[in-house]
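A look at the structure
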Amino acid sequence: MGLLLTGFGLAMLAAAALRETPLFWLNAGGYPVELRRWVLAFFYPALAAYVVWLVASSAVGCVLLRGGGRAAVVYLLAAALNWLLLAVMATVIVWNNVQNLLQGLPLHYHSR
């Protein structure tokens with residue numbers, strides 16, 4: 001379960017990086033139009049699903065920890081890795097907007 005969650009987290013991190021890349025939103029960027037549509041339509045719902053899945057996985061790890069055993073350690077290590085991925089995603093998303101504000105551009109500006 002942790003490996004699947006981590007794979008989904010890495011895909012979400014890649015999508016977050018693409019969202020904040022100005023060239024991604026232009027036809028000149030060479031990215032498939034369907035990928036742009038997916039990122040535009042499904043990024044935030046997928047991010048919400050990832051957070052819910054991560055919280056549930058962390059809760060399962062805590063419950064297993066009360067019972068003892070290696071499964072709890074594996075769950076909690078996978079959860080810790082995914083919390084780190086979530087923090088990196090949030091940093092990528094926020095950093096672009098901070099850069100825009102520092103340059104006097106509106107939030108979510110991507111046409112550079």
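Before reading further, recall that the structure is shown in the block above.
Residues numbered from 1 in each chain as written. Predicted model: local features only at pLDDT ≥ 70, side-chain atom pairs only at ≥ 80, totals over all residues. Heavy atoms only, no water.

What follows is about the overall build of the chain. The helix and strand inventory of the chain stands at three helices and zero strands. Counting from the amino terminus, helix and strand elements in the chain follow one another as α-α-α. Its C-alpha atoms give the chain a radius of gyration of 17 Å, clearly above 13 Å, the size a compact globule of 112 residues would have. Along the first, second and third principal axes, the C-alpha set of the chain runs to 55 × 30 × 15 Å. Classification of the 112 residues of the chain by burial places 30% in the buried group. Across the chain, every contact between residues at least 6 apart in sequence was considered, and the portion connecting residues at least 24 apart equals 57%. Counting only carbon and sulfur atoms, one obtains 75% of the accessible surface of the chain, whose full area is about 6900 Å². (Helix = DSSP H or I, 4+ residues; strand = E, 2+ residues; numbered from the N terminus. Rg over C-alpha atoms; globule rule 2.2 N^0.38 Å. Buried < 20%, exposed > 50% of the residue type's maximum accessible area, 1.4 Å probe, protein only. Contact = heavy atoms within 4.5 Å. Areas by Shrake-Rupley, 256 points an atom, 1.4 Å probe, with all protein chains shown as cover.)

This brings us to the side chain of Ser 57. Summarising the element assignment, Ser 57 is placed in helix H2 (residues 33–67). Accessibility expressed as a relative area gives 6% for Ser 57, which makes it buried. Filtering out sequence-adjacent residues up to four positions away, Ser 57 remains in contact with Leu 5 and Tyr 75.

For the rest of this paragraph, the subject is the environment of Asn 27. For Asn 27, the location among the structural elements is in the loop between helix H1 (2–19) and H2. When the C-alpha atoms of Asn 27 and Val 52 are compared, they prove to be 34 Å apart, with 25 residues separating the residues in sequence. Within polar-contact distance, the side chain of Asn 27 engages the side chain of Arg 36 at 2.8 Å. (Polar contact = N/O pair within 3.5 Å; in protein donor to acceptor, adjacent residues only side chain to side chain.)

On to the side chain of Arg 36. With respect to the secondary-structure elements, Arg 36 resides in helix H2. In this structure, Arg 36 is buried with no salt-bridge partner, the nearest side chain bearing the opposite charge being Glu 34 at 9.3 Å. At a separation of 3.5 Å, a polar atom in the side chain of Arg 36 contacts the main-chain carbonyl oxygen of Leu 26. Among residues more than four places away in sequence, those in contact with Arg 36 are Phe 24, Trp 25, Leu 26, Asn 27 and Tyr 31. (Lys, Arg positive; Asp, Glu negative; His and termini not counted. Salt bridge = Lys/Arg side-chain N within 4 Å of Asp/Glu carboxyl O.)

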